Amino acid sequence: MTGGQGVAGSNPVAPTNRSLAATVSERTCAAMPDQGLRGARRFWPSPPSPLQVPTMLERNDLMRLRLSKIDAARAAGEIAYPNDFQPSLTGAELIVAQRDSLEPFDAVRAPGTIALHLAGRVMAINVKGKAAFIRLRDRSATDVLQARATENDLRISQGLEARPADASTFQVYMQRNENEELFDRMFKGGERSLDIGDIVGVSGRPFRTRMGEPSLHACTTDLDGQPLAGCTTGQHCIRILTKGIRPLPEKYHGLVDKETRFRQRYVDLIMNDEVREIVRRRSLVMRGVRDFFDARGYLEVETPMMHPILGGAAARPFRTHHNALDMPLYLRIAPELYLKRLVVGGLERVYEINRNFRNEGLSQRHNPEFTMLEFYRAYATFEDLMVEVETLLAELAVNVAGATEVQWGVNSDGSPRMIQLAAPFRRVRIRDGLQEWGGLTLAEIDDEKALRNKADALGVHIDAHATLGKVQVELFEAVAEPYLVQPTFVYEYPAETSPLARRNDQHPQLVDRFELFIGGIEISNAFSELNDPVDQYERFEAQLTQKAKGDEETMEMDLDYVRALEYGLPPTAGCGIGIDRMVMLLTNTDSIREVLLFPHMRPEQRGAAVEDQPKPGVA
RNA sequence: GGGCCGGUAGCUCAGUCGGUAGAGCAGCAGACUUUUAAUCUGUUGGUCGAGGGUUCGAUUCCCUCCCGGCUCACCA
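Residues numbered from 1 in each chain as written. Chains lettered and ligands numbered in written order. Predicted model: local features only at pLDDT ≥ 70, side-chain atom pairs only at ≥ 80, totals over all residues. Heavy atoms only, no water.

**Concerning the packing of aromatic side chains**
Going through the model one piece at a time under the given rule, you end up with 14 aromatic pairs. Among the aromatic residues, those joined into a ring-pair cluster are Phe292, Phe293, Tyr298, Tyr351 and Phe375. The positively charged end of Arg296 is found above the aromatic ring belonging to Phe292, 3.6 Å away from the centroid. Over the ring of Tyr493 we find Arg513; its NZ or CZ atom is 4.6 Å from the centre of that ring. (Phe/Tyr/Trp six-rings, centres within 6.5 Å; stacked < 30°, edge-to-face > 60°. Lys NZ or Arg CZ within 6 Å of the ring centre and 35° of its normal.)

**Re the environment of Asn60**
Structurally, the position occupied by Asn60 is in the loop between helix 1 (18-31) and helix 2 (61-75). Reaching out from Asn60, the side chain makes a polar contact with the backbone nitrogen of Leu62 at a distance of 3.0 Å. A polar side-chain atom of Asn60 sits 2.9 Å from the main-chain amide nitrogen of Met63. (Helix = DSSP H or I, 4+ residues; strand = E, 2+ residues; numbered from the N terminus. Polar contact = N/O pair within 3.5 Å; in protein donor to acceptor, adjacent residues only side chain to side chain.)

**Here's the deal with the sheet that holds strand 8 (residues 306-307)**
Judged by pairing direction, the sheet is antiparallel, and its three strands sit side by side in the order 8-10-9 without closing on themselves. Whereas interior strands pair on both sides, the edge strands pair on one side only; in this sheet they are strand 8 and strand 9 (319-322). Of the strand pairs in this sheet, strand 9 and strand 10 (residues 327-331) are connected by four bridges, and their pairing is antiparallel. Its bridge partner being in strand 10, Thr320 is matched across the sheet by Leu329. (Pairing = 2+ DSSP bridges.)

**Side note on the packing of helix 9 (residues 336-344) against helix 16 (residues 559-567)**
Two elements in contact, helix 9 and helix 16, have axes separated by 9 Å at closest approach and are oriented at 25 degrees. Our classification of the angle between helix 9 and helix 16 gives roughly parallel. Regarding helix 9 and helix 16, the two cross each other, and that crossing is left-handed. Contact with helix 9, carried on its side by Leu337, Lys340, Arg341 and Val344, involves Asp560, Tyr561, Ala564 and Tyr567 of helix 16 and no other residues of that element. Grouping the constituent residues of the contact of helix 9 with helix 16 by class yields five nonpolar, no polar and three charged. (Axes fitted to C-alpha atoms, helices over the stretch in contact; angles between N-to-C directions. Parallel < 35°, antiparallel > 145°, perpendicular 65-115°, else oblique. Left-handed = near helix turned anticlockwise from the far one by under 90°. Contact = heavy atoms within 4.5 Å. Nonpolar A, V, L, I, M, F, W, Y, C, P; charged D, E, K, R; others polar.)

**Topic: the protein's contact with RNA strand B**
Lining the immediate surroundings of RNA strand B are 60 residues, of which Lys251, Glu259, Glu360, His366 and Arg581 lie closest. Note that a phosphate oxygen of RNA strand B is positioned 3.2 Å from one of the backbone N or O atoms of Val256. One of the side-chain N or O atoms of Gln364 is found 2.6 Å from a phosphate oxygen in RNA strand B. When contributions to the surface near RNA strand B are tallied by element, the ones reaching two or more residues are helix 2, strand 1 (116-128), strand 2 (131-137), strand 3 (170-175) and helix 6 (258-263). Residue composition of the surface near RNA strand B, grouped by class: 19 nonpolar, 19 polar and 22 charged. (Near = heavy atom within 4 Å.)

**Examining the sheet that holds strand 16 (residues 488-494)**
With mixed pairing, eight strands are arranged side by side in an open sheet as 7-11-12-19-18-17-16-15. A single partner strand is all that each edge strand has here, and the edge strands are strand 7 (299-300) and strand 15 (426-429). Alignment of strand 18 (residues 521-528) against strand 19 (residues 572-578), held across five bridges, turns out to be antiparallel. Bridge assignment links Phe527 to a residue of strand 19, and that residue is Gly574. Across the sheet, helix 14 (residues 468-480) lies against strand 15, strand 16 and strand 17 (510-518), angled at about 160 degrees from strand 16, the strand it touches most.

**Some thoughts on the environment of Leu585**
Relative to the assigned elements, Leu585 resides in helix 17 (residues 579-587). Overall, the relative accessible area of 1% leaves Leu585 in the buried class. Sequence-distant contacts of Leu585, defined by excluding residues within four places in its chain, comprise Val406, Gln407, Trp408, Ile419, Leu421 and Ile518. (Buried < 20%, exposed > 50% of the residue type's maximum accessible area, 1.4 Å probe, protein only.)

**Remarks on the state of the cysteines**
By the definition in use, this model includes zero disulfides. The closest cysteine sulfur to the non-disulfide-bonded Cys237 is located on Cys219, 7.0 Å from its own sulfur. Assessed through its relative accessible area of 3%, Cys237 is described here as buried. (Disulfide = S-S within 2.5 Å.)

**Brief notes about helix 8 (residues 273-295)**
Given 3.6 residues per helical turn, the α-helix brings residues three or four places apart onto the same face. Taking 1.5 Å of rise per residue, 23 residues should cover 33 Å, and helix 8 covers 33 Å from first to last C-alpha, within 8% of that figure. Positioned one or two residues after helix 8, Gly297 has a phi angle of 80 degrees, which is positive. (Expected span 1.5 Å × (residues − 1).)

**Notes on the side chain of Arg513**
Position of Arg513 relative to the elements: it lies in strand 17. One polar contact links Arg513 to Glu515, side chain to side chain, over a distance of 2.7 Å. For Arg513, the contacting residues outside a window of four places in its chain are Phe382, Val490, Tyr491, Glu492, Tyr493, Thr497, Ser498, Asn525, Ala526 and Phe527.

**Quick word on the confidence of the model for chain A**
Looking at chain A as a whole, the pLDDT averages 85, with 88% of positions reaching at least 70. When mean pLDDT is compared element by element in chain A, strand 7 scores highest at 98, while helix 1 scores lowest at 31. With pLDDT under 50 throughout, residues 1-50 is counted as low confidence; its partners more than four residues away or in other chains account for 53 contacts. Across the interfaces of the predicted complex, the ipTM metric reaches 0.92, alongside a pTM of 0.87. (pLDDT = per-residue confidence, 0-100.)

**Some details on the pairing of strand 5 (residues 214-218)**
With five of five residues buried, strand 5 lies mostly within the body of the structure. Burial of strand 5 is two-sided: the residues Pro214, Leu216 and Ala218 facing one way and the residues Ser215 and His217 facing the other way are all buried. Of the strand pairs in this sheet, strand 3 and strand 5 are connected by three bridges, and their pairing is parallel. Pairing of Tyr173 across the sheet is with His217, part of strand 5.

What follows is the structure, given as C-alpha cells:
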C-alpha cells in the first residue's frame, strides 16, 4: 500500500471509468470493515453508513490506462467481460497431445483441421515484428510443469536439444499476416491492446515452434479462409475475457515480499508455482486422510465449533456472544468431548477434520485457527493408535510426497535433512529419555528440586507452578528435542497434565498417552480415553482448583459429558493430529503461514490518518 | 509482550556522511515473421510507511506510531 490517499470519503482518485468505479466501489464497501465505529459496540459494529464508505484503492497510471481499454472495448460495441468462451482442453493436455510429434513441423491449416480452445491468464507477451508469442497459465499449471519435464526427457532420449522445462505456462503463437486487424489491436499498443495479467480465450490448432515448443497457433480459419471445425465465421482467435486492471509483479523475481504474499494470496498463487504445489499437496493430505479412515470403517462427523463450555484441551479460548440468546460462547479449542459423546452413542469409530481456535501467541508454528484431525476408535488402546498413526503417515507420505522418506530442512552441515516416515516409528518413555539424553538418575527424575536444578543448569525455563509431572515433561522436551527429528512416539505422561486420559493400570500417576514428534515438533497427541465417570468428575474438579489458582488454560466442569460417561463409554482411544504441521512436513515448509492459504494478519492500514486509529490500550 | 532487522516507482532492488532520488522488469513510442528472463533505440512514472521534532532545507538525523520479517517467551 502506498497510503496517503486520505481519510475515507475525501480525495478519491478520479477513476477513468466512472460507471465501473461506482459499481465496484458499491460492491467493495459492503465488505469493508467499519473503521469509524471501532469499539463503539462490544460485538457487532453497525453497518457502514454512506458517509463512511471507504474509497476504492488508489490508482496509478498503469491501472488508468488499462481501465481505459475496457472503455474502448465497450465503445466498440463489445461486451467488456464476456462469459461465453468455453475451453475445450487445458494447457497440459495441449502439450501431452503433441508428445507423439516431437519433431518441429509447420503444417498448414488444411481444410478439416479441428480448432482447439484454451483459456488462461497471460503471463508473458513477446512480440517479434510480425509474429507474437504469449504465454498462458490455466488450472493445469502443475501438470504443465510435469508435461514439460517429461517432454524434455523424451527430447534428450531422442538426441534432441533439451529445452528449459521450468515454466508452468504454455505458449500461444499468432502471425500478423493471418489477421492484421486483430494482431495490431492486440499487440501494437493503443487503446485495446493485450496486457500481461489479462485472462484470454484462444482458439487455434496445435503445432510446434522451430525450437520444439508445443504451442497453440491462434487462428480460426483454414488457408481457404473458411472457419476451422469448431469455429464460427468472424470469430476472433484471441479474445480478452477478463481485463486485468492491476499490473502483475515482475516476471523474473516474481512476488517476494511475504507480507504481500500472505495478504494478497491471489497474486502469490498467480506468480509462485511452489505455492500452488503446497495447496495441491494439502488437498492430497485431506483426501488421503479421509480415504484412510473411510477404508477402516470410521464415520466422518462435524461437531460444534461454538462451545458453551470450555473443554477438550488446555488452551486460552476466543470468546464470542450470541445476541438473540444473550449467551457467551467459546470458539472451540478441541472437538474431543463431543466426539466421545458420539462414541457413547454407538458411533464406535468417528473422525473429524475441522478448525480449532486458540487465543494465544502467533509464531512460525502457531496460527489462531488451525486444522485438527481427531479420530476415536472404540475397543482400542493408545498403543493401537500408534500403529494407526504410523500407518497413516507412511501412506500419506507416499501419496503426497512420493516416498516415505521426505526432506525436512537441512542439517547443520547444509545437507538435506531426511525424515524416514516408514512404520514403525521409534517409541520412547519420558523417563528413559530423561535418563538417556538428560543424564538423570531415576531418583532425580522423581525429585522435583533436582529436576528444576537441572533445568536451571540447562537454561530451560520452567513455570514455577508446574507440578512434578509437568516439570518432567518440560525438561524432557528440552533435552530430547534434538533426538526427536525422526518420528518418535513419546509416552508415559503424568496424569496431572492429562485430565481426559485413562490412568495406567500399573502406575496410576501415569496415563496411557503418547505424543508424536517429527522434525522436533509435536504432530500428534493421543491417549486411551478416561471412561470412568467418577474419576472424570474428580479430574474436572481438580481443573477448577487449578483455575482458582490462576491457571488460565484449564478446562471447565462439563457435567453433561460426565453424564454421557455414566451411560458408558466403551474402552476407547482417541488421537489428534495437527493437519497444518503435517502438511508442513510433507511440503518441506518451515512456517505454518506457508501452508495456510490465508494466515492471520493484522488488518491492513489503508492510508488512514494516525489520529483516527484507536490508541493502544484504549478500549 | 521482549530483542534484532526492514518498509524507496506496479514488481525486484540500489542510493542519499541533510540540498525533494536511480537501475532492471512492467508501461509508453518505434524496429524486428519461431521468441521463451527475446533483443535493440527512445521515454513516462515516486508526498522515499505515517505523524511530529531539529534545520534555511528532512527521503536521509531524532522521537512516537503503524505494518511486516526473524527470534525469545506461551502454546499444538
